[in-house]
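# Inside the fold
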Amino acid sequence: MGSGNDILDMYIYETNTLLEQLEGIVLEAEKESAFSQDSVNEIFRIMHTIKGSSAMMEFDTLATVAHRIEDLFFIIREKTMDVVSQGDRPALFDLLFKSIDYFRGEVEKVEASQPLDKDIDSFLSNINSLIAKIQGNPVQEEAPPPSKAPAADSAEAGPRHADPSGAFASDKNYPYELYLTFDEGCGMESLRAFMLVTAVRDFCAESEFTFQPADVETNPGTSEFIIENGFCMRFKSPEHREGAIGVAKSSGAIQSYQSHDYEPPAPVEEEHAPPAAAGVPAGGQAAGAGQPADASRHPGNQHAPKESLISVSLSKLDQLAAVVGEIVITESMVTASPDLKGLELENFTKSARELRKLTDELQDVSMTLRMVPVSNVFQKMTRIVRDMTKKLNRPAKLTLLGENTEVDKTIVDSIGDPIMHMIRNSMDHGIEESQEERIAAGKDPVGEIVLSARDTGSEVIIEIIDDGRGVNDDAVLAKAIRQGIASPDVEYSHREILNFLLAPGFSTNTEVTEFSGRGVGMDVVKRGVEELGGNVSLSSTLGKGMTTTIRIPLTMAIMDGMEVAVGDSIFTIPINNIQATMKVGPGEVIHDSTRGEIIKCQGNFYPIVRARDLYQLQSGVTEIEEGVLIWLEAGDHSYCLFVDELLGQQQVVVKQLPAYVNSFNVKNYGINGCTLRSDGSISIILDVASLYTAARGV
Amino acid sequence: MNEEILFAREDETERPSSLDDGVDSQKYLIFMAAHLKLGVVAEDVVEILNNQVITYLPMVPDYIRGIINMRGQMIPILDICARMGMPSRERDSLVVVLNLGEVQLGILVDGVDQMLDIPKANIHPLPANSTQVLVSGMCSLPEGAGTMMVLDCEQLIPNE
């Protein structure tokens, strides 16, 4: 985004997307220790695209590496996965992971406009040695299926022009055909083909010849087709074809050309005619291609179906969301205008209702635009677990649940790190060091981490559950006391002890490991999640494992709030934090030694915070029986807030307070934002957790 | 919309003013706050609003009266009198919205006086031993209209 260069941005975006896709395929395949033919084709296609676009952007090192991997997969594609012996497969997977990391690293450098790594020789030799190994292996392939391309094609690995006449429909009006294939990996095949066509037009009228694919000029996607099947030109006269052959000879990157005459019902043998298999529709190769070659084979339906997706910059969506938010408010300002009070406006009311319905819909749609599935983030975790399993030599598997849960894009972007920390933590501290230990505990020798996401309508709950050792309360407490976080004289509850884990500078592992870092992890998790407006909680059973629950509001832009009045001020409290509301009499309030008020509800005691006193408001109810208590819970805080009255539940558009106001640290007092009410006035959004911290500090 | 009004005023005020033309000068919006005439550079003024409902904001210094909603934007409102240590007025007054770099800020004033082109040379520094805050210079107004104090807007923004 920051580079300000559209083509470069596009390149980075595309390459990263492809790498993610690739990583998914490789991880999936590693489980089965084999690539399906589909995945091989897909990897081949991905590498091909990366090669092409990197070459276009003049990142030659990237293009070279991609090219070699493409070569490797070309061989695998031709000879199927059997060509890689079982012994070599781990090396193949490792190589792919390494190359994914390499590409990622390089793309990051591109993004940061740093110079690329020029030294790729050792990397290339790795790939080359693997290729050599594969080729050295006796091919354990069964006899090629009869429908496959002629023997001449599969004999050598290099050229890959497909059975020419299989992919192209002949046309008796243009009987003199010419098939061309381009050098492997020359790139921009569609453009090259189009240049040929232009050259031919110099001496041959448009009506005198046709070519296929017909849309090489406009559709760069035809490159795939040309790589697969070659490029075909048909002429009305043999002279023109001869001319075209001349052009083809003089232009670079043409690997081979082949003349062929249209065969009328009675076949006429020509010296260059393709083998007898010509009439058989191209089997294995064309059909197995990543691109749906079938579609391109039918004239008139030349465009391969494209995903109907566009990428839009997030800032535009933000803008849209902001405008829609305004519209929603303005709509209610208009329809609830005080000027309309007491008027009988039947038609107006009807239209207003219609308008409300539409604006609600508009709001919903604009919200869903920003929603993306968490699967990308989750997929990355698979990789982390894989790497750590290898490094720590602790077998574990990661189970993903609810990857399709959709959350706001900004959340997806910032949730990766917290989840990663927790997964690493589970791997490092949770899962037992040895399989024997697990077996002795009666567990599956292979550890399991479950990463799940679910959507409750207002928030998304992400859980990281491991079946490892669980948290040893005594060890944690001892450590917390050593670190000076806990006091030795106080008796702590299980929950409080767990919360020490989230305290800054706490790490139970005596050694700093490569993965879990320096005990900053959990702290970072907590802070990262809180920045998103969410909270983290831990639960654990000794010997059974640990569960980390991350709750994050689905979107930060809109939330359900309860509007409450205190004197002249109006506050909005997030509905998610509200457990209950109640009216109590003065007799039910218990006073402690410092005149603090406590209330008992559902068997537990909770402190009362009076909003009026906390915020030193000029007006407001003072008698407990005249106001309302709202039982709130946020993170580890649970308390009752005393307000004058409840005004009602409202979906509100969250607005940040001006930076000027925030510079007075109002956020520390639970003043978190504001929202416009339907009459245009402003309500202040309270943050339940920091409000309590402030109240306790007062 | 407001800019038009401002320019219209400028046309009226520029001609009768006795100040020399062609001198390096700046336009100032002069407004009343308590007994003072304060000036701000007209370029910084976004808008002048009246009859605004100001939402009280707790836990901020007294001179911040609260925030207002200006077309969906939240603007903090400063009571300039209180900020400068003068008694603040209770009655509803005008809000002058200023755009100071990144920050938009509204200041509560008693009334707008005039718009005036003032040569830079006419603005004099405060007496060296003055304890006046938030003022970066002084200027005598033409036709005996009194003295304008140039409000130092930069100082309104708390530096982090």
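Remember, it's a predicted structure, so these values are computed and weren't measured experimentally.

Conventions and cut-offs
- Residues numbered from 1 in each chain as written.
- Chains lettered and ligands numbered in written order.
- Predicted model: local features only at pLDDT ≥ 70, side-chain atom pairs only at ≥ 80, totals over all residues.
- Heavy atoms only, no water.
- Helix = DSSP H or I, 4+ residues; strand = E, 2+ residues; numbered from the N terminus.
- Buried < 20%, exposed > 50% of the residue type's maximum accessible area, 1.4 Å probe, protein only.
- Patch = residues over 30% accessible without salt bridge, like charges linked within 9 Å, V, L, I, M, F, W, Y side chains within 5 Å.
- Areas by Shrake-Rupley, 256 points an atom, 1.4 Å probe, with all protein chains shown as cover.
- Salt bridge = Lys/Arg side-chain N within 4 Å of Asp/Glu carboxyl O.
- Pairing = 2+ DSSP bridges.
- Axes fitted to C-alpha atoms, helices over the stretch in contact; angles between N-to-C directions.
- Parallel < 35°, antiparallel > 145°, perpendicular 65-115°, else oblique.
- Contact = heavy atoms within 4.5 Å.
- Left-handed = near helix turned anticlockwise from the far one by under 90°.
- Nonpolar A, V, L, I, M, F, W, Y, C, P; charged D, E, K, R; others polar.
- Core = buried A, V, L, I, M, F, W, Y, C linked by side-chain atoms within 4.5 Å.
- Buried area = accessible area lost by both parts, 1.4 Å probe.
- Polar contact = N/O pair within 3.5 Å; in protein donor to acceptor, adjacent residues only side chain to side chain.

## Examining the overall build of chain A
If you tally the helices and strands in chain A, you get 23 helices and 22 strands. The buried share of chain A, reckoned over its 698 residues, is 47%.

## Examining a nonpolar patch on the surface
Residues and elements named next belong to chain A. A cluster of nonpolar side chains, contributed by L320, V365 and L369, occupies part of the molecular surface with about 240 Å² of accessible area. Secondary-structure assignment places V365 in helix α14 (residues 346-369). V365 gets classed as partly exposed once you look at its relative accessible area, which sits at 45%.

## Let's talk about the sheet that holds strand β2 (residues 36-41) of chain B
Residues and elements named next belong to chain B. With respect to topology, 5 strands assemble into an open sheet ordered β8-β1-β2-β10-β9, the strand pairing being mixed. Whereas interior strands pair on both sides, the edge strands pair on one side only; in this sheet they are β8 (111-119) and β9 (135-140). Neighbour-to-neighbour, the strand axes of the sheet open up by a mean angle of 35 degrees, direction not taken into account.

## Some remarks on the packing of helix α8 (residues 189-201) of chain A against helix α9 (residues 222-229) of chain A
Residues and elements named next belong to chain A. Remark: α8 packs on α9, axes separated minimally by 7 Å, with the N-to-C direction vectors making an angle of 80 degrees. By the criterion of interaxial angle, the relationship of α8 to α9 is roughly perpendicular. Contact residues: α8 offers E189, S190 and A193, while α9 offers T222, S223, I226 and I227.

## Focus: the sheet that holds strand β11 (residues 545-553) of chain A
Two orientations exist for strands paired in a sheet by backbone hydrogen bonds: parallel and antiparallel. Residue and element names in this part refer to chain A. One open sheet accounts for 5 strands, arranged β6-β8-β9-β11-β10; its pairing is mixed. Every interior strand has two partners, whereas the edge strands, β6 (396-401) and β10 (535-541), have only one. With strand direction ignored, the average angle separating the axes of adjacent strands in the sheet is 15 degrees. Here 8 bridges tie strand β9 (residues 459-466) to β11, and the two strands are oriented antiparallel to one another.

## Describing the packing of helix α1 (residues 6-32) of chain A against helix α4 (residues 89-111) of chain A
Residue and element names in this part refer to chain A. At a minimum axis separation of 10 Å, α1 and α4 run at an interaxial angle of 165 degrees. Overall, the two elements α1 and α4 adopt an arrangement that is roughly antiparallel. For the crossing formed where α1 meets α4, the hand is left-handed. Counting all contacts with α1, which are made through L8, I12, T15, N16, L19, E20, L22, E23, V26, L27, A29 and E30, the residues of α4 involved are F93, L96, F97, I100, F103, R104, V107, V110 and E111. Within the contact of α1 with α4, the residues separate by chemical class into 14 nonpolar, 2 polar and 5 charged.

## Regarding the pairing of β2(B)
All names here are of chain B. With respect to burial, β2 is a largely interior element, 6 of its 6 residues being buried. Covered by surrounding structure in β2 are L36, L38 and V40 together with K37, G39 and V41, the residues of both alternating faces. Alignment of strand β1 (residues 25-33) against β2, held across 6 bridges, turns out to be antiparallel. Bridge pairing in β2 links Y28 to V41. Where β1 folds back onto β2 in an antiparallel hairpin, the turn is made up of 2 residues, including A34, whose phi is positive at roughly 50 degrees. The sheet contact formed by β2 and strand β10 (residues 147-151) spans 3 bridges and is parallel. Paired with G39 across the strands is V150, a residue of β10.

## A word on the nonpolar core
In this structure, L641(A), I80(B), I107(B) and L151(B) are the most contacted members of the largest nonpolar core, which totals 71 residues. Counting 49 residues, the second-largest nonpolar core is a separate cluster that includes L92(A), L130(A), I131(A) and I134(A).

## Details of the pattern of salt bridges
Residue and element names in this part refer to chain A. Under the defined criterion, the tally for this structure stands at 26 salt bridges over all chains. E432 is the partner of K443 in a salt bridge, and the nearest nitrogen-oxygen pair spans 2.7 Å. Taken together, the residues K443 in the loop between α17 (435-440) and β8 (447-455) and E432 in the loop between α16 (409-430) and α17 connect sequence positions 11 residues apart. Judged by its relative accessible area of 16%, K443 is buried. Connected via shared salt-bridge partners are E23, E30, D94, D101, R104, R383, R386, D387 and K390.

## Overview of the interface of chain A and chain B
Every contact between the two is made by 23 residues of chain A and, on the other side, 24 residues of chain B. When the two sides are added together, the surface that chain A and chain B hide from each other amounts to roughly 1,900 Å², 78% of it contributed by carbon and sulfur. Ranking the residues of chain A by area buried against chain B places Y660(A), F664(A) and I682(A) at the top, with a combined share of 37%. Viewed at the interface, chain B and chain A are joined by 0 residue pairs in polar contact (both at pLDDT 80 or more). Secondary-structure elements contributing two or more residues to the side of chain A that touches chain B are β13 (569-574), α22 (659-662), β21 (671-676) and β22 (682-686) of chain A. With 3 residues, the single largest contributor to the side of chain A that touches chain B is β21(A).

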